[in-house]
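Listed here are the chains, written in short residue letters.
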Amino acid sequence: MNNRCAILNKVIPFSCVDGPGNRQVIFLQGCNLRCLNCHNPYTMAICDHCGDCVVTCPHGALSLIDGQVVWDNVACQLCDTCLQTCSKNASPMTTVLSVHNAINSLSRNVAFLNGVTVSGGEATTQLPFIIDLFKTIKNSPELNHLTCFIDSNGHLASTGWRKVIEYTDGVMIDLKAWSDECALRLTGRDNQRVFQSIQLLAEANKLYELRLLFIPQQTDYLHHIDELANFLTRLPTDTRVKINAFQQHGVKNEAANWPSATKVQVDDFAQQLQRRGVRNIYLPNVYL
């Protein structure tokens, strides 16, 4: 069995919102963006074992041993004090996940699953793990009916996508802004590689869903509505266009003061796209 490992944030055994059907979702630690609006900022960085969180843990679940922060998941009460303490957007509550253990987990739950989705953070920052995991699933008589999906921000280079594309059944990509200027402000990087990823995946018929996060007064979709709609109508007709509504939950820094997106605003955005010929639009089920 393959022993390739990844730094894991958490696993959700069953999810119906991370791709088609009922899926096991593997959330990997680490991201190559620094989005102001990130709802899970503690997944951005890898712990550098500075030890700041050890002294603040109210339950004694963290210790510093041989220069490494060690997490005791039994003592941990999931109060998130360590996440609030960390100034680097990391988490000490990570573990190492091997392909072997991931396969064992899938095997235990396979009767209830349609597939597996690898997310993050940014999943593709640990691409070798994804490739080996998906290869193992495809080669397993017990598991090879499961679909293998990637949830990504699209900043993987084309050479990386070509390494994994034959083993993945679908990819969900975030288009966080239209213009490079807006993308740089919101995420710290421009959009060029995202558009390259979308084009490559669309041509390979692997682009399952393109997601637009509507942030009032921040995202520039409405300023470029004609260009955006024209772009979306040229995607494969079965590509889902998912509009997500920004909410303040979990957000840090200046974005914590940004207004949440309302149903009226999201519906208006969707209607403007529909009037310009965009189909297959999916809207949020709830607004918190």
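Residues numbered from 1 in each chain as written. Predicted model: local features only at pLDDT ≥ 70, side-chain atom pairs only at ≥ 80, totals over all residues. Heavy atoms only, no water.

An unreviewed UniProt entry lists the protein under the name YjjW family glycine radical enzyme activase, with Providencia huashanensis as the source organism.

Q: So what exactly am I meant to see when it comes to the overall build of the protein here?
A: Broken down by element type, the protein carries 9 helices and 11 strands. Relative to the compact-globule value of 19 Å for 288 residues, the protein shows a C-alpha radius of gyration of 20 Å, a close match. For the protein, the spread of C-alpha atoms along the principal axes amounts to about 60 × 50 × 35 Å. The burial tally for the protein puts 51% of its 288 residues in the buried class. Counting only contacts in the protein whose residues sit at least 6 apart along the sequence, the fraction spanning at least 24 positions is 67%. On the protein, roughly 13700 Å² of surface is accessible, and the fraction owed to carbon and sulfur atoms is 50%. Of the side chains in the protein, 24 bear a positive and 25 a negative charge, and the two mean positions are spaced by 3 Å. (Helix = DSSP H or I, 4+ residues; strand = E, 2+ residues; numbered from the N terminus. Rg over C-alpha atoms; globule rule 2.2 N^0.38 Å. Buried < 20%, exposed > 50% of the residue type's maximum accessible area, 1.4 Å probe, protein only. Contact = heavy atoms within 4.5 Å. Areas by Shrake-Rupley, 256 points an atom, 1.4 Å probe, with all protein chains shown as cover. Lys, Arg positive; Asp, Glu negative; His and termini not counted. Charge placed at Lys NZ, Arg CZ, Asp CG, Glu CD.)

Q: Explanation requested: the pairing of strand 2 (residues 23-28) in the structure shown.
A: Each regular strand shows side chains that alternate between the opposite faces of the sheet. Burial within strand 2 is extensive, with 6 of its 6 residues counted as buried. Where burial is concerned, the two faces of strand 2 agree: the one with Arg 23, Val 25 and Phe 27 and the one with Gln 24, Ile 26 and Leu 28 are both buried. Where strand 1 (residues 5-15) meets strand 2, 5 bridges bridge the pair, whose relative direction is antiparallel. Counterpart to Ser 15 in the pairing with strand 2 is Arg 23. (Pairing = 2+ DSSP bridges.)

Q: I would appreciate a short explanation of the UniProt feature "domain: Radical SAM core" (unreviewed entry) in the protein in the present structure.
A: If you check UniProt for "domain: Radical SAM core" (unreviewed entry), the listed places come out as residues 17-279 in our numbering. End-to-end, the C-alpha atoms of residues 17-279 are 20 Å apart, and along that stretch the chain is 31% helix and 18% strand. (UniProt positions renumbered as here; feature names shortened; annotations may be inferred.)

Q: Honestly, the nonpolar core in this entry has me stumped. Any pointers?
A: Side chains that are nonpolar tend, in soluble globular proteins, to be buried together. Counting 61 residues, the largest nonpolar core has Leu 133, Phe 134, Ile 137, Leu 232 and Leu 273 as its most contacted members. Counting residues per element, this core draws most heavily on helix 4 (residues 127-138), at 7 residues. Setting aside residues up to four positions removed in sequence, Phe 134 forms contacts with Val 116, Val 118, Cys 148, Phe 149, Ile 150, Val 164, Tyr 167 and Thr 168. (Core = buried A, V, L, I, M, F, W, Y, C linked by side-chain atoms within 4.5 Å.)

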